[in-house]
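Topology and contacts: notes
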Amino acid sequence: MNAGPVEAGPVEGQDAVHGGSVPRRAGGRLPGPLRRARIFAGYLGLLGVLGLVAALLVTGAPRLANEFADDGMRHDVRGLPYQVRDLTYTADQDAIQSPDAHLAAAQLDRYRQKLPGPLPSLVGQQWFAGRIGPKDLGVAGDAPSLRGSCRPELQLRGQVDVERELRVVEGRWPASRGGIEAALSREAAGILGLRVGTVVVLSGRFAPGPVSVRIVGLYDPIDPAAPAWDAIRLAEVPCSDPAAGTTHRAALLTDLSGMTAAGGRLGLTYEWRYRVDEERVTTADIPEVLTAIAATRRTPPERGLALATGLDNSLTRFDGQLHAVRALLAVVQAGILATLLGLVALAAGLAVQRRREEFTLLRARGAAAVEIGARTLRESVAVLPVAVLAGWLLGRLAPGRPAGAEPLGVALVAVGTTLAIPLLAMLSQRRASFVGRRRDLVRHRPSVRRLTAELFVLLLAVLGVVLLHRRGLSQDSGVDPYLVSVPVLLAVAAALVALRLVPWPLRQVGRIAARARTVVPFVGLARAGRSAPVTVGPLAVLVVAIATGVFTSVVTSTVAEARDRVTDQEIGADARVIGSYSDQATADRLAALPGVSAVSPLAVEVGQPLRSPTPNLLGGRDLGQTQVLVVDGPSLARVLAASGIDVAVPAGLAAPGRIDGPVPALVSPEVAEAVGAGAVTEVQGRRYEFRVDRVASGFPGLAADVRRFVVLPWQALPVPQFQPIRSNRFLVAGDGFATAELAATVDTAQREYLATVLGQPVEQVRPQTPVSVATWSAHRQALERSGVNRLLSFTFGTGVAGATALALLAVGFAVLAEAPGRGRMLSRLRTMGLSGRQGRGLLVYELAPLLGVAVLAGGLVGVALPRLLGPALGLSGFTGGLPARIHLDPLLVVGVLLLVVVALVAALGVENLINRRMRLGEVLRLGEEN
């Protein structure tokens, strides 16, 4: 008969958790649920901590991920040149039938408002300008720089409100009334030899007549880095005749009236430029921004307008990387969340197991299983939702945008943790049993239902791997929950297989241990074998945690190793110096600098022709173009060895001595397929014949994304004395050198060489290519900072740290699960003379098989996952251009072994704490019937 609700609980004065005592309340009694919640505060507190951590992870991790993703996108957008970053409408004055620049300028706000949403609200700055030239614009005048074969390139430009960005230092600002007036920057005036009062004559190819422009003022920009100067800055450009060297491109600024007057003769181009403020854009806005840019390309605000921008291409590339790294993050989060959910189930199961006697008494008094569930639910509701709420509030403190599914995730965590104990309590009391039994001695064949469930998990894991190979992790529709959970399914499947295989070898080892004189190994191994079915939960959780941590570590080391290879190839030494052409003595100057141990000169030529060989090296069949790298083989070998780069220079490139016939060359696979046995290429205006000696996909000194290249040995080329090959790149090995000294040395050398060629004083020569120095470490760090790499690093760090912490928690649960039975056994054995040290050894022998199996199964799954998933991970998108090769860091093995040691030490600490709380001397009297 159902007797209704019964207030049954632990024996008064006895702690149901550890057998300790509970202090009596001085006055008044708490309500029943709160009183029981206080008694079982240990288990509810443990569940509360797990719920708090889960809510914190569900809330804070997506916010941090969004923050890193948004920051990476803004960093990339901020570094784009203005031609790519800005949305610029261009139109000829005839196309839009607006010869007056003032009328065209008035359309600036109207065109912005006609941009498709959300672009109008994202625009932070906007500019209007009318320009003439510099293309197809002739320049003449009385100044010396305006005469000769290499004249400067000038554009006449009128830009609205540009006078607010400058300070007039000589003369006045233009006011074109009777004639066209203009202002010039003081820097450009000094270089070009122009001054206030100079008249510049501009003429167009199809213009009816020239236009005279008088310079009436010189100015300095208030902020030279301001975006208003993007199209106006002084720039160095090559002359139309390459032998004449370089000249400069500058802008003559006039007012809109001057632009209208000049446009009537020379033709006028209008520009309406809109800058998207990267601070207003998030990665969530990328799809809408791409759609809006595509729409405005198809239908501009007015006929005759053409949109020029590369922002959509840049955002598309970033979005592709973002999809890939978010898929990786989802895999890591799935592993950590699965481990957390497993720990929640273990904690709830532990609480139900400790209260078995209470629930059995309630059932004996007529309570139904639903009433037991309702009883425990009232206790959980008083504590666990508050803990989840605290985790949610803490997660909200993390910077970044919340995920769209955040409320649903927090609600699921709250419901899951709150219902864990009531559901398990009802399931455990579906069939009332009033007889105690030892679960570790029950041996039976697994039921058909259980075998079917285990086979179903295996099938899901195998099917998931197949689908991942076909579909990949990153998809346009978002993250597929099933696909990202495949690593978890594989880990669980490995745990199930290990559980089936472990008992037999443990029994065999236990038989051997039984022959030893000491009893500790035999008893520990026997308990490990008997409790294997009992510890299936901790084992599965531990395998998932270790698999997640090992998988994340392997992916981390794979990406890091690939980036090291990229840096080795692109830098090729401790430092790489790029500049214009210089003579052979430059390498000796660099070698004489402090801290430099070896230097190798290179000559890099881009876009050189490939032709089939003929007897006179002329007139062969066209085989396309290639990048040519001329290296001094012996010095390059010394630099690579001194820099510690594990790349061997092929013997054909390193052999000394000049060769009069075809020289041996290293070529890329694409070039090898095109040229066959050999071909003819060009280096600095002279043709050289080569034969294919070696084929390789990369070479030190070349960018990782170069697919067509030819590497020639400098020392073997038949270079004539009257036309030597000039180096424009240097690889430097050493330690402690100053990059500023490297740059200054090469800059001086290239100025001296160019001054000799042009016959000009060194101080007046400005080489076309400024000197740049890149060190190995700086280039390697740049690969870490670019794009979505901060988000990738956050993913890896979260995976390793979270998996390690949760693995230790799983070991603690394994200790707690068998604490009462182990306590009774230790109490009995101590009456027979077992020492405390032997008691700790007993725990080690009992846990070592569990940890060993978990580490082996989880480690194998973690190492195999990158290979099983293969291209689905998309790791090559984060390596800088080279394919990612799965790499296992030897330190990972050391880290896993260290984790085992730490887990055993932590287990001993937990065991010692439990033994003190349980007071082993009383264990034989408390629950001895079990």
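Quick look at the structure, then. (Residues numbered from 1 in each chain as written. Predicted model: local features only at pLDDT ≥ 70, side-chain atom pairs only at ≥ 80, totals over all residues. Heavy atoms only, no water.)

Along the chain, the regular secondary structure elements total 31 helices and 21 strands. Per-residue burial for the chain yields a buried fraction of 49% across its 930 residues. Relative to all contacts within the chain whose residues are 6 or more apart in sequence, the contacts with residues 24 or more apart total 82%. For the chain, the accessible area works out to roughly 42,700 Å², and carbon and sulfur atoms hold 58% of it. (Helix = DSSP H or I, 4+ residues; strand = E, 2+ residues; numbered from the N terminus. Buried < 20%, exposed > 50% of the residue type's maximum accessible area, 1.4 Å probe, protein only. Contact = heavy atoms within 4.5 Å. Areas by Shrake-Rupley, 256 points an atom, 1.4 Å probe, with all protein chains shown as cover.)

Our focus in this paragraph is the packing of aromatic side chains. Applying the stated criterion across every chain yields a total of eight aromatic pairs. Ring geometry for Tyr89 against Tyr111: centres 6.3 Å apart, planes inclined by 70°, an arrangement best described as edge-to-face. You can see Tyr89 sitting in strand E1 (residues 87–92) and its partner Tyr111 sitting in helix H5 (residues 108–113), a full 22 residues away along the chain. Side by side, Tyr89 and Tyr111 carry an identical accessibility label, which is buried. For the ring pair Tyr89 and Tyr274, a centre distance of 6.4 Å and an interplane angle of 80° mean the geometry is edge-to-face. You can see Tyr89 sitting in strand E1 and its partner Tyr274 sitting in strand E11 (residues 269–276), a full 185 residues away along the chain. Take Tyr89 and Tyr274: they sit in the same class, and that class is buried. Taken together, the aromatic side chains of Tyr89, Tyr111, Phe128, Tyr270, Trp272 and Tyr274 make up a single cluster linked through ring pairs. In this structure, Arg273 is placed above the aromatic ring of Trp127, and the distance from its NZ or CZ to the ring centre is 4.2 Å. (Phe/Tyr/Trp six-rings, centres within 6.5 Å; stacked < 30°, edge-to-face > 60°. Lys NZ or Arg CZ within 6 Å of the ring centre and 35° of its normal.)

Attention now goes to a nonpolar patch on the surface. A grouping of Leu455, Leu458, Val497 and Leu501 is seen on the molecular surface, where their side chains present a nonpolar patch of about 360 Å² in accessible area. Secondary structure elements with two or more residues in the nonpolar patch: helix H15 (448–471) and helix H17 (486–501). Take Val497: its relative accessible area is 38%, and that puts it in the partly exposed class. (Patch = residues over 30% accessible without salt bridge, like charges linked within 9 Å, V, L, I, M, F, W, Y side chains within 5 Å. Salt bridge = Lys/Arg side-chain N within 4 Å of Asp/Glu carboxyl O.)

With that settled, consider the layout of surface pockets. Here the second largest pocket defines a volume of roughly 1,100 Å³. Every residue lining the second largest pocket is counted, 34 residues in all, and those nearest its centre are Val58, Pro62, Gln333, Ala403 and Ala405. Of all the secondary structure elements, the ones that give two or more residues to the lining of the second largest pocket are helix H2 (41–78), helix H10 (311–354) and helix H14 (406–428). Counting residues per element, the lining of the second largest pocket draws most heavily on H10, at 12 residues. Classifying every residue of the lining of the second largest pocket by side-chain character gives 21 nonpolar, eight polar and five charged. (1 Å grid on protein atoms, 1.4 Å probe; cavity = no way out; pocket = protein on both sides within 12 Å on 5 of 7 lines; lining within 4 Å. Points joined across faces, edges and corners; volume = space filled by probe spheres on them. Nonpolar A, V, L, I, M, F, W, Y, C, P; charged D, E, K, R; others polar.)

This next bit is on the pattern of salt bridges. Counted according to the given criterion, the structure contains 30 salt bridges. Note that Arg157 and Glu271 form a salt bridge whose closest N and O atoms lie 3.1 Å from each other. You can see Arg157 sitting in strand E4 (residues 153–159) and its partner Glu271 sitting in strand E11, a full 114 residues away along the chain. A salt bridge links Arg297 to Asp312, with the shortest nitrogen-to-oxygen separation between them at 3.1 Å. Here Arg297, found in helix H9 (residues 286–298), pairs with Asp312, found in helix H10; they are 15 residues apart in sequence, far enough to count as distant. Overall, the relative accessible area of 37% leaves Arg297 in the partly exposed class.

We now examine helix H22 (residues 633–643). Of the positions making up H22, those classed as buried are Gly633, Ser635, Leu636, Val639, Leu640 and Ser643. An end-on view of H22 places all buried positions within 160° of arc, on one side of the element. Residues of H22 that are exposed and point over 90 degrees away from its buried face: Arg638 and Ala641. The inward-facing, buried residues of H22 contact strand E14 (596–611), strand E15 (622–631), helix H23 (651–654) and strand E20 (727–734). Looking one or two places after H22, you find Gly644, whose phi comes out positive at around 75°. (Arc of directions from axis to C-beta.)

Between the first and last C-alpha of H15 there are 34 Å, a value that for 24 residues agrees with the 34 Å anticipated at 1.5 Å per step. Residues of H15 that are buried include every one of Glu454, Val457, Ala461, Gly464, Val465 and Leu468, and no others. Looking at the residues trailing H15, positive phi occurs at Gly472, about 80°. (Expected span 1.5 Å × (residues − 1).)

With that settled, the discussion passes to the side chain of Asp220. Looking at the secondary structure, you find Asp220 in strand E8 (residues 211–221). Under the relative-accessibility criterion, Asp220 is labelled buried at 16%.

Okay, the nonpolar core next. The nonpolar side chains of soluble globular proteins are, as a tendency, buried together. In terms of nonpolar packing, the biggest core is built from 163 residues, with Leu156, Leu184, Leu252, Trp272 and Leu791 touching the most fellow members. Here the element with the most residues in this core is H10; it accounts for 23 residues. Residues contacting Leu184, with those up to four places away along its chain left out, are Ala189, Leu194, Ile215, Gly217, Leu218, Tyr219, Ala250, Ala251 and Leu252. Judged by nonpolar contacts, the second largest core, of 22 residues, contains Ala665, Val671, Val683 and Tyr688. (Core = buried A, V, L, I, M, F, W, Y, C linked by side-chain atoms within 4.5 Å.)

Right, let's get into unusual backbone geometry. Looking along the chain, the bond that leaves Gly117 and enters Pro118 is cis, with omega of 5°. Summarising the element assignment, Pro118 is placed in the loop between H5 and helix H6 (119–122). Residue Pro134 is bonded to the preceding Gly133 through a cis peptide linkage, with omega at 0°. Located in the positive-phi region is Gln684, a residue other than glycine, with phi close to 50°.

One way to put it is that helix H11 (residues 356–364) packs onto helix H12 (residues 369–381) with a least axis distance of 10 Å and a crossing angle of 135°. Here H12 runs oblique to H11, going by the angle between their axes. In this structure, the crossing between H11 and H12 has a hand that is right-handed. Of H12, the residues touching H11 (which contributes Glu358, Phe359, Leu362 and Arg363) are Ala369, Ile372, Arg375 and Thr376. Here the contact of H11 with H12 is built from residues that sort into four nonpolar, one polar and three charged. (Axes fitted to C-alpha atoms, helices over the stretch in contact; angles between N-to-C directions. Parallel < 35°, antiparallel > 145°, perpendicular 65-115°, else oblique. Left-handed = near helix turned anticlockwise from the far one by under 90°.)

Sheet analysis places strand E2 (residues 123–132) next to E11, joined by eight bridges and oriented antiparallel. The partner of Phe128 across the bridge, within E11, is Trp272. Of the pairings in the sheet, the one linking E2 to E4 comprises four bridges and is antiparallel in character. Looking at the pairing, Ile132 lines up with Leu156 of E4. (Pairing = 2+ DSSP bridges.)

Residue position: Val900 is located in helix H30 (residues 890–918). Separated by 93 residues in the primary sequence, Val900 and Ala807 place their C-alpha atoms 9.7 Å from one another.

Further remarks concern the packing of H12 against H14. Running from amino to carboxyl end, H12 crosses H14 at an angle of 160°, the nearest separation of the two axes being 8 Å. When the axis of H12 is compared with that of H14, the two are roughly antiparallel. As H12 packs across H14, the resulting crossing turns out to be right-handed. Side by side, H12 and H14 meet where Ala369, Val370, Ile372, Gly373, Thr376, Leu377, Ser380 and Val381 of the first sit next to Thr418, Leu419, Ile421, Pro422, Ala425 and Met426 of the second. A per-class count over the contact of H12 with H14 returns 10 nonpolar, four polar and no charged.

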